[in-house]
Amino acid sequence: MKSVSRVFQCQQRALVLGENTKIMGIVNVTPDSFSDGGQYVELNRILEHVEQLVQDGADIIDIGAESTRPGYEPVAKEIEWQRLEEPILAIRSHWPDVCLSVDTQKAWVADRAVKAGVDIVNDIWGLAGDPDMAQVVSQHQAGLVMMFNRVSPWLPGTIDIGAMVDFFRQQLDFARHQGIAEDHILIDPGLGFGYGVDDNWIVLRHLEEFVGYGAGLLLGPSRKRFLGSVTDKPPRERDVATAAVAALAVPYHVDVLRVHNVKTTRDALRVADKWYRDV
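Attention in this report is confined to the structure presented alongside it. All values reported here derive from a predicted model rather than from experimental measurement. Along each chain, residues carry numbers from 1 onward, in the same order as the chain's sequence is written. At least 70 in pLDDT is required for a residue's local features to be given in this predicted model, at least 80 for side-chain atom pairs to be given and counted, and no such filter applies to totals for whole chains, interfaces and linings, which use all residues. Processing note: side-chain calculations cover all non-hydrogen atoms of the structure and skip hydrogens and water entirely.

**Describing the overall build of the protein**
Condition: Under the DSSP-based scheme used, a helix requires at least four consecutive residues in state H or I and a strand at least two consecutive residues in state E, with every element numbered from the N terminus. Each radius of gyration reported is based on C-alpha atoms, and the globular scaling rule is 2.2 Å times the count of residues to the power 0.38. A simple rule labels every residue: compare its accessible area, found with a 1.4 Å probe on the protein chains alone, to the largest value its type can have, and call it buried under 20%, exposed over 50%, or partly exposed in between. Whether two residues are in contact is decided by their heavy atoms, any of which lying within 4.5 Å being enough. Each accessible area is a Shrake-Rupley estimate made with a 1.4 Å probe; only the visible protein chains count as cover when residues are assessed.
A tally of regular secondary structure across the protein gives nine helices and 10 strands. Whereas a compact globule of 279 residues would reach a radius of gyration of roughly 19 Å, the protein reaches 17 Å, a difference of no more than 12%. In terms of overall dimensions, the protein has a C-alpha envelope of 40 × 40 × 40 Å along the principal axes. The buried share of the protein, reckoned over its 279 residues, is 55%. Partitioning the intrachain contacts of the protein with sequence separation of at least 6 by distance along the chain shows that 69% fall at a separation of at least 24. Just so you have it, the protein exposes about 12,000 Å², and 50% of that area is on carbon and sulfur atoms.

Structure representation (structure tokens):
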């Protein structure tokens, strides 16, 4: 496998991709996330969790305050920001060099988060949701995770990989016209969003279709239902399955894995990177 080095730009930071596989560690400051809701609400618990993720080898910390599990209840922007503001400021103070991402679909929240020290906006609607999101990302020259999603999910078994690729082409063109350069964008095929449980495996088998767009490719398989459908285990017991997907994704040129358990995933990726990238 020949790796091509690229740079993912996010404000004043630059993350080199292609040399080894990066990890984005998840921090959910929500009461209702599907696998760890309510665990990281108090600031001291949040900071302890971030410290562990950093020690375990996270390259990016991704903090979110609104669950997007199936059937989630939307959170008002003021409540979402109330949950985020203190942790973001504290994380930036304690770890000034860490690459920090905010998982939000609201431009109002994203704007405040970037002003508070966040480098990347992780948008589950890929700039197709909030009409002001592109302007916020462009204005701050933030990094962007552009995820595929659908208002009306495809019926199981009707997933269209070509339509997903067309979505990214369309949104990347839109981003360029809004002043967002491609080297500021990671694309994410949105495992668990917009299609049936078994269709996730079709996406995984076609990951090569998503290579070559933006700065690189991010994948978010962590603890998701399609892994539970195979392992018959609850979310918190799916970390080994998540690590298996992470390792198997390396030869498909996936650049970043978004996961809950960084330590287990890091070990799997070290082996896979040695095998396929010889690092």
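**Section: the pairing of strand S10 (residues 256–259)**
The test is simple: Strands are treated as partners if at least two bridges between them are detected by DSSP.
Across the two faces of S10 the burial is the same, with Val256 and Arg258 and Leu257 and Val259 all buried. The sheet contact formed by strand S3 (residues 22–28) and S10 spans four bridges and is parallel. Looking at S10, one finds that Lys22 is bridged to Val256. By the bridge criterion, two bridges tie strand S9 (residues 216–219) to S10 in an arrangement that is parallel. Pairing of Leu219 across the sheet is with Leu257, part of S10.

**Here's the deal with the nonpolar core**
Rule in force here: By nonpolar core is meant a set of buried Ala, Val, Leu, Ile, Met, Phe, Trp, Tyr and Cys residues that side-chain atoms within 4.5 Å join together.
Membership of the largest hydrophobic core comes to 74 residues, with the highest contact counts inside it found for Leu84, Ile88, Met164, Phe210 and Leu219. For this core, the element with the highest residue contribution is helix H5 (residues 161–177), accounting for seven residues. The residues touching Ile88, leaving out its near neighbours within four places in the chain, are Ile63, Trp81, Leu100, Ala113, Ala116 and Val118. Formed by 13 residues, the second largest nonpolar core is a distinct cluster that contains Met24, Val145, Leu186 and Ala215.

**What about the environment of His206?**
With respect to the helices, strands and loops of the structure, His206 is situated in the loop between helix H6 (199–205) and S9. His206 gets classed as partly exposed once you look at its relative accessible area, which sits at 29%. Measuring from C-alpha to C-alpha, the distance between His206 and Val50 comes to 33 Å, with 156 residues separating the pair along the chain.

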